[in-house]
Amino acid sequence: MTTRTSPERQATWVWLGLVALTLGSAWLGESAASAMVLAAVVAGIVAVKGLLVIRHYMGLTEVGSRLRLVMRLYFVVVPALILLAGSLA
Amino acid sequence: MELAVAPPAGRSMLAGSVPGNRGIWVGILCELTEFALMFVAWAWFRFNHPEDFRAGSAMLLTGAGIANTVVMLTSGYFAVRALLAIRRGESRAASNWLIGTLVGGIGFLLIKAWEFHWNIEHGVVGTGNSFVAMYYYLTFNHLVHVVWGCLGLIWAILRCRFGAYSPDDHEGLEAATLYWHATDLAWIVIFPLLYVLR
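Predicted model only: the values in this text are computed from it and were never measured.

(A) Highlighting the overall build of chain A. Regarding its fold elements, chain A presents three helices and zero strands. Along chain A, helices and strands appear, N-terminal first, in the series α-α-α. Over its C-alpha atoms chain A spans a radius of gyration of 15 Å, topping by over 25% the 12 Å that the globule rule assigns to 89 residues. Principal-axis analysis of the C-alpha atoms gives chain A an extent of 45 × 30 × 25 Å. When each of the 89 residues of chain A is scored for burial, the buried share is 36%. In chain A, 69% of the contacts between residues at least 6 apart in sequence involve partners at least 24 apart.

As structure tokens, then:
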């Protein structure tokens, strides 16, 4: 069965998720986590936030779209760079 | 559960078409490429000057970075609501959501101005520490894009007020909001690089 959420409500949930992820990463930055763990979690959070904005805010939902692929790739490569920088620090 | 913010029925995206227009996507991809180069520079300096990065990140006001991020995300949410409103033919509501988006952008700029003032008072200046130099390099560049985005929003608000957009024709409004989201995307990366990672 398919349940259709109103776009307004869905946008509100995405916004709340983005804010929660931001506050979560800020809290983690103040914690005693090691630099490597911090880099790994931050890289994951950046990837999730980026992909949420690309899909739900920018509306890049077309399957097979090259533009969507490029934008998604950006939020794989940049977090990988964060992870690399964290592991080398 | 269907989650995508899709165009309304009867206005489905044609295969191979893009949200907004192709022109704005050229601008967005150029902007993200520019920031990608800056992120590589950040990684390079972090690798070569780790002591600067350890000392530098502790000098920043984390609260200002968090406030900037929450304001930017909220402003992006308002931009989505503006697009949804115009797709329903609610021009007045779309205009009001766009004004909310713009207020968020101005709020972002005011927080940054206050943060820079605080930095200068506390000796956080762009000389002698490569992290602080990168901080100003990234934040000033992002600031310029926020200003461009605000100008685009003002244009979209005026067009909306004069009834230029309809559920079937609102390409300009969508382009302005897409650019705003791209500026948001850049900040989503900048925030942890400067305020979270140690």
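(B) Summary view of the overall build of chain B. The helix and strand inventory of chain B stands at six helices and zero strands. Helices and strands appear in chain B in the N-to-C order α-α-α-α-α-α. A principal-axis box enclosing the C-alpha atoms of chain B has dimensions of 60 × 35 × 30 Å. Intrachain contacts of chain B at a sequence separation of at least 6 include 83% that bridge at least 24 residues.

(C) View of the environment of Ala85 of chain B. Residues and elements named next belong to chain B. Assignment of secondary structure puts Ala85 in helix H3 (residues 62–87). Among the residues examined, Ala85 registers 24 C-beta atoms within 10 Å and is labelled buried. Taking C-alpha positions, Ala85 is 37 Å from Tyr137, a pair spaced 52 residues apart along the chain. Each residue touching Ala85, except ones within four places of it in the same chain, is listed here: Glu90, Ala93, Ala94 and Trp97.

(D) View of the packing of helix H1 (residues 7–30) of chain A against H3 of chain B. Interhelical geometry of H1 of chain A versus H3 of chain B gives an angle of 170 degrees and a closest axis separation of 10 Å. Here H1 of chain A is positioned roughly antiparallel relative to H3 of chain B, judged by the angle of their axes. Where H1 of chain A abuts H3 of chain B, its residues Pro7, Glu8, Ala11, Trp15, Leu18, Val19, Thr22 and Ala26 of chain A lie against Thr62, Ile66, Thr69, Val70, Leu73, Thr74, Tyr77, Val80, Arg81 and Leu84 of chain B. In the contact of H1 of chain A with H3 of chain B, the residues fall into 12 nonpolar, four polar and two charged.

(E) Just the interface of chain A and chain B, in detail. On the chain B side, the residues contacting the 40 residues of chain A number 40 residues. Looking at the side of chain A that touches chain B, the elements that each hand over two or more residues are H1, helix H2 (35–57) and helix H3 (66–88) of chain A. Of the residues that constitute the side of chain A that touches chain B, the class distribution is 23 nonpolar, 12 polar and five charged.

(F) Expanded view of the packing of helix H5 (residues 130–161) of chain B against helix H6 (residues 171–196) of chain B. Residues and elements named next belong to chain B. It is at 9 Å that the axes of H5 and H6 come closest, and there the two elements cross at 160 degrees. Taken together, the axis directions place H5 and H6 in an arrangement best described as roughly antiparallel. As H5 runs across H6, the sense of the crossing is left-handed. Only Gly172, Leu173, Ala176, Tyr179, Trp180, Thr183, Ala186, Trp187, Ile190 and Leu194 of H6 make contact with H5, whose side of the interface consists of Tyr135, Leu138, His142, His145, Val146, Gly149, Gly152, Leu153, Trp155, Ala156, Arg159 and Cys160. Considering only residue class, the contact of H5 with H6 consists of 15 nonpolar, six polar and one charged.

(G) Here's a closer look at the nonpolar core. Judged by nonpolar contacts, the single largest core of 81 residues is most densely connected at Val42 and Val46 of chain A together with Ala82, Ala94, Leu98 and Leu173 of chain B. Elements represented by at least two residues in this core include exactly H1, H2 and H3 of chain A together with helix H1 (22–48), H3, helix H4 (91–121), H5 and H6 of chain B. The element contributing the most residues to this core is H6 of chain B, with 18 residues. Not counting the four nearest positions on each side in its chain, Leu98 of chain B is found in contact with Ala82, Leu153, Ala156, Ile157 and Cys160 of chain B.

(H) Quick peek at H2 of chain A. Taking 1.5 Å per residue as the helical rise, H2 of chain A with its 23 residues ought to reach 33 Å, and the 31 Å between its terminal C-alpha atoms agrees with that figure. Count one or two residues on from H2 of chain A and you reach Gly59 of chain A, which has phi positive near 75 degrees.

(I) Layout of the confidence of the model for chain B. Residues and elements named next belong to chain B. Per-residue confidence for chain B gives a mean pLDDT of 91; residues scoring 70 or more make up 92%. The low-confidence segment residues 9–14, where pLDDT is below 50, has four contacts with residues more than four positions distant or belonging to other chains. Scoring of the predicted complex yields 0.91 for pTM and 0.92 for ipTM.

(J) Expanded view of the environment of Pro192 of chain B. Among the structural elements, Pro192 of chain B can be located in helix H6. For Pro192 of chain B, a count of 26 C-beta atoms within 10 Å gives the class buried. For the pair Pro192 of chain B and Ser130 of chain B, spaced 62 residues apart in sequence, the C-alpha to C-alpha distance is 17 Å. With near-sequence residues (within four places) excluded, Pro192 of chain B lies in contact with Ser25, Val42 and Val46 of chain A together with Leu197 of chain B.

What counts, and where the lines are drawn
- Numbering of residues starts from 1 in every chain and runs along the sequence as written.
- Ligands are numbered from 1 and chains lettered from A, in the order in which they are written.
- At least 70 in pLDDT is required for a residue's local features to be given in this predicted model, at least 80 for side-chain atom pairs to be given and counted, and no such filter applies to totals for whole chains, interfaces and linings, which use all residues.
- Per the convention used, a helix needs a DSSP run of H or I reaching at least four residues, while a strand needs a run of E reaching at least two, with both numbered from the N terminus.
- Radius of gyration means the value over C-alpha atoms here, while the globule rule gives 2.2 Å times the residue count to the 0.38 power.
- With C-beta atoms placed from the backbone, a residue is buried if 20 or more other C-beta atoms are within 10 Å of its own, exposed if 12 or fewer are, and partly exposed between those counts.
- Contacts are defined on C-beta atoms placed from the backbone: any two residues whose C-beta positions lie within 7 Å are in contact.
- To get an axis, a line is fitted to the C-alpha atoms, and for a helix only the part in contact is used. The angle between two axes follows their N-to-C directions and goes from 0 to 180 degrees.
- Here roughly perpendicular refers to angles of 65 to 115 degrees, roughly parallel to angles under 35, roughly antiparallel to angles over 145, and oblique to all remaining angles.
- Residue polarity is assigned by list, with Asp, Glu, Lys and Arg as charged and Ala, Val, Leu, Ile, Met, Phe, Trp, Tyr, Cys and Pro as nonpolar; anything else, Gly included, falls into the polar class.
- Left-handed is the label given to a crossing in which the near helix is rotated counterclockwise from the far helix by less than a right angle, and right-handed is the label when the rotation is clockwise.
- To define a nonpolar core, we join buried Ala, Val, Leu, Ile, Met, Phe, Trp, Tyr and Cys residues through C-beta atoms within 7 Å and take the resulting set.
- Expected helix span is computed as 1.5 Å times (number of residues minus one).
- Across the chain, each position has a pLDDT score giving the predictor's confidence in that residue, from 0 to 100.

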